[in-house]
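Residues per chain, in single letters:
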Amino acid sequence: MAIHPTAYTATATATGGRAGTIESNDGRLKAALSTPKALGGDDGAGTNPEQLFAAGYSACFIGAMKAVAGRQKLQLPAEVSITSDVGIGPLVGKEGCFGISVAMRISVPGMERAALEALVAQAHEVCPYSNATRGNVDVTLTVV
């Protein structure tokens, strides 16, 4: 699936893998990485790719929800929140390969549940993270 034209490009460099560092080209993002104990690491003070993915997907999905709501002339409250759990583990039937799963808990205070569920379904269709991972990542969306 191609995009045209590209509206924005983010650039970041990782050095040293899961126990290294990350930094964006503009210096706004700079962090140490640590491997969680569950993946054989020392569970150090740094972040990890799964935490970064969870944060990025959550923020992007809220943006998609706002875009869909805007098209429908709806105003979402500032308290919209998404908590994402990103899991990593071996892929079934693909020895030596790993995959991720995402479970999102979506909260929009004051919005009627059926309307929110419809909005979430539409946002899942337009969200760039959802489109990039569709068919490759097990994504569960739950309205809370």
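These figures come from a predicted structure and were not determined experimentally.

(A) Looking closely at the overall build of the chain. Helix and strand counts for the chain stand at 3 helices and 6 strands. Listing the helices and strands of the chain from first to last along the sequence gives β-β-β-α-β-β-α-α-β. Taking the principal axes of the C-alpha coordinates as reference, the chain spans close to 45 × 40 × 30 Å. Intrachain contacts of the chain at a sequence separation of at least 6 include 47% that bridge at least 24 residues. As displayed, the chain offers around 9,200 Å² of accessible surface, 55% of which is attributable to carbon and sulfur atoms. One way to put it: in the chain the 11 positive side-chain charges average out to a point 6 Å from where the 12 negative ones average out.

(B) Structural detail: the packing of aromatic side chains. One pass over the full model with this rule turns up 4 aromatic pairs. With a centroid separation of 5.7 Å and an interplanar angle of 80°, the aromatic rings of Phe53 and Tyr57 are classed as edge-to-face. Here Phe53 and its partner Tyr57 are both found in helix 1 (residues 49-71), 4 residues apart, which amounts to about one turn of the helix. When the ring of Tyr57 is compared with that of Tyr129, the centres are 5.2 Å apart and the planes differ by 25°; the resulting orientation is stacked. In this pair, Tyr57 is assigned in helix 1 and Tyr129 in helix 3 (residues 128-133), connecting sequence segments 72 residues apart. Taking the relative accessible area as the measure of exposure, Tyr57 reaches 0% and is therefore buried. An aromatic cluster is defined as three or more aromatic residues linked by ring pairs; in this entry it consists of Phe53, Tyr57, Phe61 and Tyr129.

(C) Geometry of the pattern of salt bridges. A complete count under the given rule lists 4 salt bridges for this structure. Between Arg105 and Asp85 there is a salt bridge, with the nearest N and O atoms lying 2.5 Å from each other. Taken together, the residues span a long stretch of sequence, with Arg105 in strand 5 (residues 98-107) and Asp85 in strand 4 (residues 81-90) at a distance of 20 residues. Residue class for Asp85 comes out partly exposed when judged on its relative accessible area of 39%. Arg113 is the partner of Glu117 in a salt bridge, and the nearest nitrogen-oxygen pair spans 3.1 Å.

(D) Here's a closer look at the side chain of Ser58. In this structure, Ser58 sits in helix 1. We classify Ser58 as buried; its relative accessible area is 8%. Setting aside residues up to four positions removed in sequence, Ser58 forms contacts with Ile82, Thr83 and Ser84.

(E) Structural view of the nonpolar core. Counting 23 residues, the largest nonpolar core has Phe61, Met65 and Ile106 as the members making the most contacts within it. Mapped by element, the contributors of at least two residues to this core are helix 1, strand 4, strand 5 and helix 2 (113-126). With 8 residues, the top contributor of residues to this core is helix 1. Not counting residues within four places of it along the chain, the set of residues in contact with Ile106 comprises Phe61, Met65, Ser81, Ile82, Val120, Leu141, Thr142, Val143 and Val144.

(F) Structural context of the sheet that holds strand 3 (residues 30-32). The strand order across the open sheet built from 3 strands is 1-2-3, with neighbouring strands paired in antiparallel fashion. Looking along the sheet, the strands with just one partner apiece sit at the ends: strand 1 (12-15) and strand 3. Going across the sheet, the axis of each strand differs from the next one's by a mean of 10°, ignoring polarity. Taken together, the 4 bridges between strand 1 and strand 2 (residues 21-24) define a ladder with antiparallel strand orientation. Directly across from Thr15, in strand 2, lies its bridge partner Thr21.

What counts and how
- Every residue gets a number counted from 1 within its own chain, in the order that chain's sequence is written.
- In keeping with the model being predicted, local features are shown solely for residues with a pLDDT of at least 70 and side-chain atom pairs are shown and tallied solely at 80 or more, while totals for entire chains, interfaces and linings include all residues.
- Hydrogens and water molecules were not included; the side-chain quantities draw on all heavy atoms of the structure.
- Numbering of helices and strands runs from the N terminus, with a helix taken as a DSSP run of H or I at least four residues long and a strand as a DSSP run of E at least two residues long.
- By the convention used here, residues are in contact when the closest approach between their heavy atoms is within 4.5 Å.
- Accessible surface area values rest on a Shrake-Rupley calculation with a 1.4 Å probe, where residue burial reflects the displayed protein chains alone.
- Counted as positive: Lys and Arg. Counted as negative: Asp and Glu, with His and the chain ends omitted from the count.
- In this description, the location of a charge corresponds to atom NZ of lysine, CZ of arginine, CG of aspartate or CD of glutamate.
- To pair, rings of Phe, Tyr and Trp, with the six-membered ring standing in for Trp, must have centres within 6.5 Å; the planes then decide the type, stacked if under 30 degrees apart, edge-to-face if over 60, and tilted in the middle.
- For each residue, the accessible area found with a 1.4 Å probe, counting protein chains only, is set against the maximum for its type, and the residue is called buried under 20%, exposed over 50%, and partly exposed in between.
- We count a salt bridge whenever a side-chain nitrogen from Lys or Arg sits within 4 Å of a carboxyl oxygen from Asp or Glu.
- Nine residue types can take part in a nonpolar core, namely buried Ala, Val, Leu, Ile, Met, Phe, Trp, Tyr and Cys, and a core is a set of them joined through side-chain atoms within 4.5 Å.
- Any two strands with at least two DSSP-identified bridges between them are counted as paired.
- The axes used here are C-alpha line fits, helices contributing only the stretch in contact, and every angle between their N-to-C directions lies in the interval 0 to 180 degrees.

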